[in-house]
Amino acid sequence: MLLDVFYSRNDEPKINQVKDYFKAEEVKRVDSFTTDLVRTSPHMYGYLVNKKGKSFVVILDQYWKSEVSDSSKDFVLLYPGQSITSLDEETIKRIIGKSPMHLQKSDFSKKYSAEVHHNDEVSTVTVFKLKANNSENLMWINEDLQQILTYKEGKRTLQDF
C-alpha cells in the first residue's frame, strides 16, 4: 500500500553486529523488551548471547550500532539467575513494601545480576525475576522498582534462564 512508506518498522540491531561486538559464538534474537534501567528509545530488543560456553541476555536500544559511541550504545546485560538466599529476603521485603503491584514473597523466583552500560560507565544492579503465572509477560524488578520486561516470545525463551 502507498501509505506503508510512512509507517516503517522500527530498526533493530543486526545479529551480526551483536555477535561481533560481544565476540560471541552464537546470538539469537529473543523478543522486544522494555526497561527503565537505561534511558533510550522505548523500543528495545533482547538477544540471547553464547560466549565461551556462557550465556547472557543483552538488551539493546533499537538504534544501537556497534560502531557508534553515544547514548544509542547504552545497553543492559542480564546474567543467568541464582537461587534466592536468606540474605535477599530483606531486599524482597522492601520491594514488596514499595511496589503498587501487591507482590508477595512467593512471587519472586530467582535473583539476577544486571550490568547497566551508560556511555562509559558500568554499574551492576540486582534484579529479581517474578513468576509469570498467568501473565504473557516476564518481568524482573530491582529494589528501586525499575523493571525489565519482555513479552510472549521472550517469556517462552527465558522462562528457565
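Residues numbered from 1 in each chain as written. Predicted model: local features only at pLDDT ≥ 70, side-chain atom pairs only at ≥ 80, totals over all residues. Heavy atoms only, no water.

Trainee: How would you summarise the layout of surface pockets if you had to cite specific residues and measurements?
Mentor: Here the largest pocket is characterised by a volume of approximately 170 Å³. Lining the largest pocket are 13 residues, and of these L130, K131, A132, S135 and M139 sit closest to its centre. (1 Å grid on protein atoms, 1.4 Å probe; cavity = no way out; pocket = protein on both sides within 12 Å on 5 of 7 lines; lining within 4 Å. Points joined across faces, edges and corners; volume = space filled by probe spheres on them.)

Trainee: Tell me about the environment of D120, residues and numbers included.
Mentor: Looking at where D120 falls in the secondary structure, it is placed in the loop between strand 5 (108-118) and strand 6 (121-130). For the pair D120 and K73, spaced 47 residues apart in sequence, the C-alpha separation works out to 9.4 Å. (Helix = DSSP H or I, 4+ residues; strand = E, 2+ residues; numbered from the N terminus.)

Trainee: Kindly report on helix 2 (residues 89-98), identifying the contributing residues and their values.
Mentor: Every buried residue of helix 2 is listed here: T91, I92 and I95. For helix 2, the arc enclosing every buried residue in end-on projection is 100 degrees, short of the 170-degree limit, so these residues lie on one face. Every exposed residue of helix 2 that faces more than 90 degrees away from the buried side is listed here: K93 and G97. Of the surrounding elements, those touching the buried residues of helix 2 are strand 5, strand 6 and strand 7 (138-141). (Buried < 20%, exposed > 50% of the residue type's maximum accessible area, 1.4 Å probe, protein only. Arc of directions from axis to C-beta. Contact = heavy atoms within 4.5 Å.)

Trainee: Quick rundown of the nonpolar core? Include the residues and the values.
Mentor: Membership of the largest hydrophobic core comes to 19 residues, with the highest contact counts inside it found for F33, L78, W140, I148 and L158. Counting residues per element, the ones that place at least two in this core are strand 1 (26-35), strand 3 (54-61), strand 4 (75-78), strand 5 and strand 7. At three residues, strand 5 tops the list of elements feeding residues into this core. Dropping the residues within four chain positions of it, L158 is found in contact with V30, F33, L48, V57, K129, L138 and W140. Counting 13 residues, the second-largest nonpolar core is a separate cluster that includes A24, Y47, V49 and W64. (Core = buried A, V, L, I, M, F, W, Y, C linked by side-chain atoms within 4.5 Å.)

Trainee: Can you break down the packing of aromatic side chains residue by residue, with the values?
Mentor: Under the counting rule described, the total for this entry stands at 10 aromatic pairs. Between the aromatic rings of F22 and F56, the centroid separation amounts to 6.2 Å while the plane-to-plane angle is 70 degrees, which identifies the pairing as edge-to-face. With F22 in the loop between helix 1 (15-21) and strand 1 and F56 in strand 3, this residue pair connects regions lying 34 residues apart in the sequence. Judged by relative accessible area, F56 falls into the buried class, the value being 9%. Both rings, one in F22 and one in W64, keep their centres 6.3 Å apart while their planes meet at 15 degrees; by these two values the pair is stacked. One end of the pair, F22, is in the loop between helix 1 and strand 1; the other, W64, is in the loop between strand 3 and strand 4, with 42 residues separating them in the sequence. Neither residue differs from the other here; F22 and W64 are each classed as buried. An aromatic cluster is defined as three or more aromatic residues linked by ring pairs; in this entry it consists of Y21, F22, F56, W64, F75 and Y79. (Phe/Tyr/Trp six-rings, centres within 6.5 Å; stacked < 30°, edge-to-face > 60°.)

Trainee: I'd love a proper account of the confidence of the model for the chain, names of residues and values included.
Mentor: Averaged over every residue, the pLDDT of the chain is 88; residues scoring 70 or more account for 89%. pLDDT under 50 marks residues 1-8. Its contacts with residues more than four places away, or in other chains, come to zero contacts. (pLDDT = per-residue confidence, 0-100.)

Trainee: So what's going on with the pattern of salt bridges? Which residues, and what values?
Mentor: A side chain with one charge may pair with a side chain of the opposite charge, provided their charged atoms come close. All chains considered together, the criterion is met by six salt bridges. In this structure, K105 and E89 form a salt bridge, with 3.5 Å as the shortest nitrogen-oxygen distance. With K105 in the loop between helix 2 and strand 5 and E89 in helix 2, this residue pair connects regions lying 16 residues apart in the sequence. Classification of K105 by relative accessible area gives exposed; the value is 51%. In this structure, E90 and K93 form a salt bridge, with 3.6 Å as the shortest nitrogen-oxygen distance. You can see E90 and its partner K93 sitting in helix 2, three residues apart, about one turn around the helix. The partly exposed category is assigned to E90, whose relative accessible area is 44%. (Salt bridge = Lys/Arg side-chain N within 4 Å of Asp/Glu carboxyl O.)

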